[in-house]
Amino acid sequence: MDLKFGKEIYFEKKPLFKITKLQFKKLQTMDKKYVCDVCDWVYDPAVGDPDNGIAPGTSFEDLPDDFVCPLCGVGKDQFSPVD
Ligand SMILES: [Zn+2]
C-alpha cells in the first residue's frame, strides 16, 4: 500500500480513516513487517489483516495475543521481524 496524505483507508468496505500527517508518521515508524518462520507469510502493519478483523495501521506488537498466521495457524511467537 502506498501511503499518501489524505488517502482514505478502507476497512470492511467502510472508510476507516484518512491518513493525517500524524498518522502518516505513525504508520512509517511502526511499519515493521514480520514474517512467519513457518510459511513465510508476511504481516504488513500498513495493510493489517482485514480478512481477520485486523485494521490497517495495527502494528505487530498491537495484534491480539491470540493472533495466528492466516496461512499456517502458528502464533505470534513464530514470527520474526523483517529488516
Ligand atoms: Zn505461517
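Residues numbered from 1 in each chain as written. Predicted model: local features only at pLDDT ≥ 70, side-chain atom pairs only at ≥ 80, totals over all residues. Heavy atoms only, no water.

## Regarding the overall build of the chain
Then, in step 1: When you go through the chain residue by residue, the secondary structure sums to one helix and five strands.
Then, in step 2: Helices and strands in the chain line up, N terminus first, as β-β-α-β-β-β.
Then, in step 3: Taken across its 83 residues, the chain has 35% of its residues classed as buried.
Then, in step 4: As displayed, the chain offers around 5,400 Å² of accessible surface, 51% of which is attributable to carbon and sulfur atoms. (Helix = DSSP H or I, 4+ residues; strand = E, 2+ residues; numbered from the N terminus. Buried < 20%, exposed > 50% of the residue type's maximum accessible area, 1.4 Å probe, protein only. Areas by Shrake-Rupley, 256 points an atom, 1.4 Å probe, with all protein chains shown as cover.)

## Here we look at the coordination of the zinc ion
Then, in step 1: All of the protein donors around the zinc ion are Cys-36 (SG), Cys-39 (SG), Cys-69 (SG) and Cys-72 (SG); their distances to the metal are 2.2 to 2.3 Å.
Then, in step 2: Taken together, the four donor atoms surrounding the zinc ion define angles of 102 to 115° at the centre, an arrangement classified as tetrahedral.
Then, in step 3: Sequence positions of the donors to the zinc ion reduce to the motif C-x2-C-x29-C-x2-C. (Donors = N, O, S within 2.8 Å, 3.2 Å for Na, K, Ca; no water. Tetrahedral: all angles 85-135°; square planar, octahedral: opposite > 155°, others 65-115°.)

## Digging into the packing of aromatic side chains
Each aromatic ring pair is specified by the distance between its two centres and by the angle formed by the two planes.
Then, in step 1: Under the criterion given, the structure shown has eight aromatic pairs.
Then, in step 2: Each ring, one from Tyr-43 and one from Phe-60, has its centre 6.1 Å from the other, and the planes form 55°; the classification is tilted. Of this pair, Tyr-43 sits in strand S4 (residues 42–43) while Phe-60 sits in the loop between S4 and strand S5 (79–81), and the two are 17 residues apart along the sequence. Summarising the burial analysis for this pair, Tyr-43 and Phe-60 share the class buried.
Then, in step 3: Relative to Phe-79, the ring of Phe-60 has its centre 5.4 Å away and its plane inclined at 45°; by these criteria the two rings are tilted. Of this pair, Phe-60 sits in the loop between S4 and S5 while Phe-79 sits in strand S5; the two residues are 19 residues apart in sequence, bridging distant segments of the chain. Taken as a pair, Phe-60 and Phe-79 share a single burial class, namely buried. (Phe/Tyr/Trp six-rings, centres within 6.5 Å; stacked < 30°, edge-to-face > 60°.)

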